[in-house]
Amino acid sequence: MTVMDIPFVNITKQDLLQEHIYPRLEQKKKTFVVTANPEIVMKTREDAAFKKIVQEADYTVPDGIGIIIAAKWMKTPLQERIAGYDLSLDLLNYANTHQLSCYFLGASEEINQKAVEKVKKDYPNIEIAGNHHGFFELEDYDFAKSVADTQPDIIFVAAGFPKQEKWIAAYKHLFDHGLFIGVGGTFDALAGTVKRAPAFWIKLNLEWFYRLSQQPRTRFKRTLKLFEFMFRVMFNR
């Protein structure tokens, strides 16, 4: 189904992984996954190039309760929310079990290093193909080629939207294979600098409110975007 011209997968996370993602990893098919919340959908309204990138991704998953509510309002309900952080953990578990290689691109150098150390500790069978902070230039072809040369199986890009998706779209042709996924603030959670909402809040679909209460300054504008998104969906604007 689509929300504001963005097509979302309408299956459970488990079915997405078992029936689509894991088989493509086994077959070494290039795969581009977008984890889209209301902010990303709103950004596609302002940036035509970004919209085209999201529309052409292999899978766009509904990461954000706002997407789920919008789908219900439009009478085309989605089966479940698929959070980018949860999807990342599933991918790390799979990579650990199958001894795959991963590249970690994004966040500050400190956060990036902490996240990689956490992965090394919790997923010892993963090969760290490489890692790099998120302060790179989108136009830096040589840097992108250096990442591609490590031949990772999974490339986690935590550079924030739309940069992370634009980088993937611009340079995935340099890679022989790989699953590319933009993961936003996932490295912060892995590093322990930002705590995930307690399960109780997540179950009640109030993770957005928990984050707002924990980071009111940084989250306020993002929350306004969520309400603008819902307004536009409800009134077809």
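Residues numbered from 1 in each chain as written. Predicted model: local features only at pLDDT ≥ 70, side-chain atom pairs only at ≥ 80, totals over all residues. Heavy atoms only, no water.

Participant: Just checking my understanding: could you explain the environment of Gly 185 for this structure?
Facilitator: Structurally, Gly 185 can be placed in the loop between β8 (179–182) and α9 (186–191). Once the C-alpha coordinates of Gly 185 and Gly 106 are considered, the two residues, 79 residues apart in sequence, prove to be 9.2 Å apart. (Helix = DSSP H or I, 4+ residues; strand = E, 2+ residues; numbered from the N terminus.)

Participant: Looking at this structure, how should I read the sheet that holds strand β5 (residues 101–106)?
Facilitator: The six strands are arranged β4-β3-β8-β7-β5-β6 in an open sheet whose pairing can be described as parallel. Each edge of the sheet is formed by a strand with only one pairing partner; in this case those strands are β4 (59–62) and β6 (127–132). Strand-to-strand twist in this sheet, taken as the mean axis angle between neighbours without regard to direction, amounts to 15 degrees. Pairing of strand β3 (residues 31–36) with β8 involves three bridges; the strand directions are parallel. The residue bridging Phe 32 from the neighbouring strand is Phe 180, located in β8. (Pairing = 2+ DSSP bridges. Axes fitted to C-alpha atoms, helices over the stretch in contact; angles between N-to-C directions.)

Participant: Help me understand unusual backbone geometry in this model?
Facilitator: Backbone geometry follows two general trends: most residues other than glycine have a negative phi, and most peptide bonds adopt the trans configuration. In this chain, Phe 161 is followed by Pro 162 through a cis amide linkage whose omega measures -5 degrees. Tracing the backbone shows Pro 162 in the loop between β7 (154–158) and α8 (163–171). Phi is positive for Lys 28, which is not a glycine, with a value near 55 degrees. Here Lys 28 is to be found in the loop between α1 (13–26) and β3. Positive phi, close to 55 degrees, is recorded for Gln 99, a residue that is not glycine. Along the chain, Gln 99 turns up in the loop between α5 (84–97) and β5. The class for Gln 99 is exposed, based on a relative accessible area of 58%. (Buried < 20%, exposed > 50% of the residue type's maximum accessible area, 1.4 Å probe, protein only.)

Participant: Just to check I follow, could you spell out the environment of Asn 93 for this structure?
Facilitator: For Asn 93, the location among the structural elements is in helix α5. When its relative accessible area of 39% is taken as the criterion, Asn 93 is described as partly exposed.

Participant: How should I be thinking about the pattern of salt bridges in this particular structure?
Facilitator: Pairs can form between side chains of opposite charge whenever their charged atoms are close. Within this structure, the stated rule accounts for twelve salt bridges. In this structure, Asp 47 engages Lys 166 in a salt bridge whose closest nitrogen and oxygen atoms are separated by 2.7 Å. Of this pair, Asp 47 sits in the loop between α2 (38–46) and α3 (48–55) while Lys 166 sits in helix α8; the two residues are 119 residues apart in sequence, bridging distant segments of the chain. Judged by its relative accessible area of 15%, Asp 47 is buried. Accessibility expressed as a relative area gives 21% for Lys 166, which makes it partly exposed. Among the ionic pairs, Lys 120 bridges to Glu 117, the shortest N-O distance being 3.6 Å. Of this pair, Lys 120 and Glu 117 both sit in helix α6 (residues 109–122), separated by three residues, roughly a single helical turn. (Salt bridge = Lys/Arg side-chain N within 4 Å of Asp/Glu carboxyl O.)

Participant: Just checking my understanding: could you explain a negative patch on the surface for this structure?
Facilitator: Judged by side-chain charge, Glu 137, Glu 139, Asp 140 and Asp 142 come together as a negatively charged surface patch. Within the secondary structure layout, Asp 140 lies in the loop between β6 and α7 (141–148). By relative accessible area, which is 31% here, Asp 140 ends up partly exposed. (Patch = residues over 30% accessible without salt bridge, like charges linked within 9 Å, V, L, I, M, F, W, Y side chains within 5 Å. Areas by Shrake-Rupley, 256 points an atom, 1.4 Å probe, with all protein chains shown as cover. Lys, Arg positive; Asp, Glu negative; His and termini not counted. Charge placed at Lys NZ, Arg CZ, Asp CG, Glu CD.)

In short, shape yes, function no, at least from these values alone.
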